[in-house]
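An overview of the molecular structure
As a plain string of letters, each chain reads:
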Amino acid sequence: MTYIWSAMIIISFISAGITGRMDETVNAMIGGTQTAVSTLISFAGAMCFWTGIMKIAENSGIADLLCRLISPVVKRLFPSAGEKARYYISMNLTADLLGMGNASTPMGMLASEELDRENKTPSRPSDDMCMLVVLNTTCFQLIPSTIIALRGAAGTSDPASIILPIWFASAVSVVVGVAAVKVMCFLSGRRARGGV
Amino acid sequence: MIYITPSIIMLIIIFALSRKKAVYSDFIDGAGSGLTLIKDIFPPLVAVLTAASMLRASGAMDAFISFLSPVTEKIGLPPEVMPLVMIRPISGSGAIGVLSEILNDYGADSMIGRLASVICGSTETTFYCIAVYFARTRARSVKRAVPCAIIGDIAGIGAALAAVRLLGL
């Protein structure tokens, strides 16, 4: 981010010099900070509302229910993972689903440590570790609360109207990601058996 | 569409009530943790929104967009969402900043605004995620995970485009 951000600023000034829009650019710098404040303020209420609702969900035991629901899927996707690793993975994915970012990452790290312990070729990530990472990077979130809140702040009558397309796109990316991992595991497994 | 949010909220509250949970104090508790989140998001939001509006005002953004448009036009992706696509895998708060800039600039209900929202919601901070998850392991190469994650992301963006453009979801 250091380089990206610095480049954004420096390129802006250079480009402003070339196009002769230095005035506008300096104004935009001040304006940008104001936009940040106004976005945040109109966004704060909705955000707190959603974290409140998600907390109700979390404490109501929906998380445990979901965790139990997805555990057969986890078993299918991580055939060689142990009991403890599978538990962490289920918790990690449940937290992802519910958008509990601060619960998801620690669980995911515990899961990958556990998978690392089970890994027989430590310098090379195991199939299960790749699967865990890809499931997390393609990430399915049931209620994208930040985006709903941001859209509300930008002024729309129906900020949640993007939920269905988000579910659709997430589902596609999860399925494709999982398929990619499976294909890769199959290919590298075959190379390991056939070669050497 | 308008019924999705109400039904989710109703379901959660009724489920919690049926289990005799302290719904109100849970809500207050959670809303409080939202404040921490907002506090964390504010500094990067200032950084990214400022830089993004400078890029736009200086004309660099337009140059960048018209530079990319021949390529993105071929896949049907509006070049206006490219800044989001590029920052999304690297920084979560950066993506929030860019998304909010897009929403403010083009409108939340515009095709570009909707597409940007869907892309942001269906993808993750891929590179950050890979770094964090492999950080505590003994694995030395992440070569195997990266292509799969990127394939998943590209599929997600494609699906987002299809959902917003073709299916009209």
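Topic: the overall build of chain A
Scanning chain A from terminus to terminus reveals 8 helices and 0 strands. When the helices and strands of chain A are listed from N to C terminus, the series reads α-α-α-α-α-α-α-α. Relative to its length of 196 residues, chain A is extended, with a C-alpha radius of gyration of 22 Å against a globular reference of 16 Å. Its C-alpha atoms put chain A at 65 × 50 × 25 Å along the principal axes. Each of the 196 residues in chain A was classed as buried or not, and the buried ones make up 50%. Put simply, of all contacts in chain A between residues at least 6 apart along the chain, 63% involve residues at least 24 apart. Counting only carbon and sulfur atoms, one obtains 66% of the accessible surface of chain A, whose full area is about 9,100 Å². If you average the places of the 15 positive and of the 13 negative side-chain charges in chain A, the two averages end up 11 Å apart.

A word on the side chain of T126 of chain B
Of note, T126 of chain B is situated in helix α7 (residues 126-135). Using a relative accessible area of 1% as the deciding quantity, one classes T126 of chain B as buried. Not counting residues up to four positions away in its chain, the partners in contact with T126 of chain B are T137 of chain A together with P89, A149 and D153 of chain B.

Some thoughts on the confidence of the model for chain A
In the predicted model, chain A carries a mean pLDDT of 85, and 96% of its residues have values of at least 70. Summarising per-element confidence for chain A, the mean pLDDT is lowest in helix α5 (residues 101-118) of chain A (83) and highest in helix α6 (residues 127-138) of chain A (89).

Digging into the pattern of salt bridges
Residue and element names in this part refer to chain A. According to the stated counting rule, one finds 8 salt bridges over all chains in the structure shown. One salt bridge in this structure joins K55 and E58, with 4.0 Å as the shortest N-O distance. Of this pair, K55 and E58 both sit in helix α2 (residues 22-59), 3 residues apart, which is roughly one turn of the helix. Residue R86 pairs with E83 through a salt bridge whose shortest N-O separation is 3.9 Å.

Digging into the packing of α2 of chain A against helix α2 (residues 23-58) of chain B
Contact geometry for α2 of chain A and α2 of chain B: axes closest at 5 Å, N-to-C directions at 155°. In terms of their interaxial angle, α2 of chain A and α2 of chain B are classed as roughly antiparallel. Classified by chirality, the crossing of α2 of chain B by α2 of chain A is right-handed.

Some details on the interface of chain B and chain A
On the chain A side, the residues contacting the 86 residues of chain B number 92 residues. Summed over the shared surface of chain B and chain A, the result is 3 salt bridges. We note a salt bridge from D109 of chain B to R151 of chain A, for which the minimum N-O separation is 3.8 Å. At the junction of chain B with chain A, the criterion picks out 22 residue pairs in polar contact (both at pLDDT 80 or more). Of all elements in the fold, only α1 (4-18), α2, α5 (92-106), α6 (111-122), α7 and α8 (145-167) of chain B reach the threshold of two or more residues within the side of chain B that touches chain A. Of all the elements, α2 of chain B adds the most residues to the side of chain B that touches chain A, at 27 residues. Residues of the side of chain B that touches chain A, tallied by class, amount to 51 nonpolar, 22 polar and 13 charged.

Rules and cut-offs
Residues numbered from 1 in each chain as written. Chains lettered and ligands numbered in written order. Predicted model: local features only at pLDDT ≥ 70, side-chain atom pairs only at ≥ 80, totals over all residues. Heavy atoms only, no water. Helix = DSSP H or I, 4+ residues; strand = E, 2+ residues; numbered from the N terminus. Rg over C-alpha atoms; globule rule 2.2 N^0.38 Å. Buried < 20%, exposed > 50% of the residue type's maximum accessible area, 1.4 Å probe, protein only. Contact = heavy atoms within 4.5 Å. Areas by Shrake-Rupley, 256 points an atom, 1.4 Å probe, with all protein chains shown as cover. Lys, Arg positive; Asp, Glu negative; His and termini not counted. Charge placed at Lys NZ, Arg CZ, Asp CG, Glu CD. pLDDT = per-residue confidence, 0-100. Salt bridge = Lys/Arg side-chain N within 4 Å of Asp/Glu carboxyl O. Axes fitted to C-alpha atoms, helices over the stretch in contact; angles between N-to-C directions. Parallel < 35°, antiparallel > 145°, perpendicular 65-115°, else oblique. Left-handed = near helix turned anticlockwise from the far one by under 90°. Polar contact = N/O pair within 3.5 Å; in protein donor to acceptor, adjacent residues only side chain to side chain. Nonpolar A, V, L, I, M, F, W, Y, C, P; charged D, E, K, R; others polar.

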